[in-house]
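# Chain and residue survey
This is what each chain is made of:
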Amino acid sequence: MNPTLNTIDILVSDLDAAIAFYARLGLEFKVDEHSSEHAGCDLPSGLHVMLDTEGFRTPFLPGWSAPSGGPRTLLCFEFDAPAEVDAKYAELVEAGHRGIAEPFDAFWGMRYATVADPDGNGIDLYAALAAR
């Protein structure tokens, strides 16, 4: 048996804030017609990303509580050029989102930065550095 990973579900405290944040990264979420606490976005790769409010999802997760201390999961967004990483990081921080790691040139050959979404989830921004 080989299951297929085809959906990521992100628990959020404020659905509208989460939709606005991810729109800045090019994702277009649509609120479900059956529940105003659930939204989905189909990516070109076939992956489906869902946003569920804590109130919607936690009844199905006995004993769940929000994590503290830092992100345990990071979503990674690839850009075409290192300058785009810097620009998007600046845009998100200027919009009031918390910067976790300012843009830097990583030893593995990428320009990298990390911001927090409205619920503290880590969002990596990266692009390949020019070959040296």
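Residues numbered from 1 in each chain as written. Predicted model: local features only at pLDDT ≥ 70, side-chain atom pairs only at ≥ 80, totals over all residues. Heavy atoms only, no water.

The protein carries the name Glyoxalase in an unreviewed UniProt entry, which gives Nonomuraea mesophila as its organism.

### Things to note about the packing of aromatic side chains
Heads up, the rule is: Each Phe, Tyr or Trp ring (for Trp, its six-membered ring) is paired with any other whose centre lies within 6.5 Å, and the angle between the two planes then decides the class: stacked below 30 degrees, edge-to-face above 60, tilted in between. Secondary structure elements are taken from DSSP: a helix is a run of H or I of four residues or more, a strand is a run of E of two residues or more, and numbering for both begins at the N terminus. A 1.4 Å probe rolled over the protein chains alone gives each residue an accessible area, and that area as a share of the maximum for its type sets the label: buried under 20%, exposed over 50%, partly exposed in between.
Within this structure, the stated rule accounts for 8 aromatic pairs. Ring plane angle 20 degrees and centroid distance 5.7 Å describe the contact between Tyr-112 and Tyr-126, whose orientation is recorded as stacked. Remark: Tyr-126 occurs in strand S8 (residues 122-128) and Tyr-112 occurs in strand S7 (residues 110-116); sequence separation between them is 14 residues. In this structure Tyr-126 comes out as buried when scored by relative accessible area, which is 16%. Grouped by ring-pair contacts, the aromatic residues Phe-104, Phe-107, Trp-108, Tyr-112 and Tyr-126 constitute a single cluster.

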